[in-house]
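The residues making up each chain are set out below.
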Amino acid sequence: MKPYKNIRSEHLGFLLFIARATAVLGLLAFIFSILLFCLTFVGLSMGPISLVTFLPMSMGIIFFSGLLAVLVAWEEGYRLRTVHMISNAKI
């Protein structure tokens, strides 16, 4: 599973890589917070702390990753429109 697999970029490949990496880190932090919360019922007392800290942090990371992916997709669409306009221009 690769996040943002439909997005491609010719110029902003590294930014797309960072968006994908932060999406994976955000999902791992989300899973970690859910696991810590589930361990509350076993007897570990860090569950409520995990919901207060890790859950908003993971949502923020995923949101930031989405913003980076939107920026890459917007730039690639703009680039493709420009290339299309230039190739269809009559000189």
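See the structure above.
Reading the values: the criteria
- Residue indices follow the written sequence of each chain, beginning from 1 at its first position.
- Per-residue local features are limited, in this predicted model, to residues with pLDDT of at least 70; the limit for side-chain atom pairs, both in listing and counting, is 80 or more; totals at the level of whole chains, interfaces and linings are taken over all residues.
- Processing note: side-chain calculations cover all non-hydrogen atoms of the structure and skip hydrogens and water entirely.
- In this text, helices come from DSSP runs of H or I with a minimum length of four residues, and strands from runs of E with a minimum of two, each type numbered from the N-terminal end.
- Throughout, the radius of gyration refers to the C-alpha atoms, and the reference size of a globule is 2.2 Å times the residue count to the power 0.38.
- A 1.4 Å probe rolled over the protein chains alone gives each residue an accessible area, and that area as a share of the maximum for its type sets the label: buried under 20%, exposed over 50%, partly exposed in between.
- The contact criterion used is simple: two residues touch if any of their non-hydrogen atoms lie within 4.5 Å.
- Salt bridges are defined as contacts in which a side-chain nitrogen from Lys or Arg sits within 4 Å of a carboxyl oxygen from Asp or Glu.

(A) The arrangement of the overall build of the protein in detail. Each helix and strand in the protein was counted, giving two helices and zero strands. Here the protein has a C-alpha radius of gyration of 19 Å; the compact-globule value for 91 residues is 12 Å, and the former is much larger. For the protein, the C-alpha atoms occupy an extent of roughly 75 × 20 × 15 Å along the three principal directions. For the protein, buried positions account for 23% of its 91 residues. For the protein, the share of sequence-separated contacts (at least 6 apart) that also reach a separation of at least 24 residues comes to 61%.

(B) Structural context of the pattern of salt bridges. A complete count under the given rule lists two salt bridges for this structure. The partner of Glu-76 in a salt bridge is Arg-79, with the nearest N and O atoms 2.6 Å apart. Of this pair, Glu-76 and Arg-79 are both found in helix H2 (residues 47-88), three residues apart, which corresponds to roughly one turn of the helix. Each member of the pair Glu-76 and Arg-79 is classed as buried. Salt bridges linked by common partners bring Glu-10, Glu-76 and Arg-79 together as one network.

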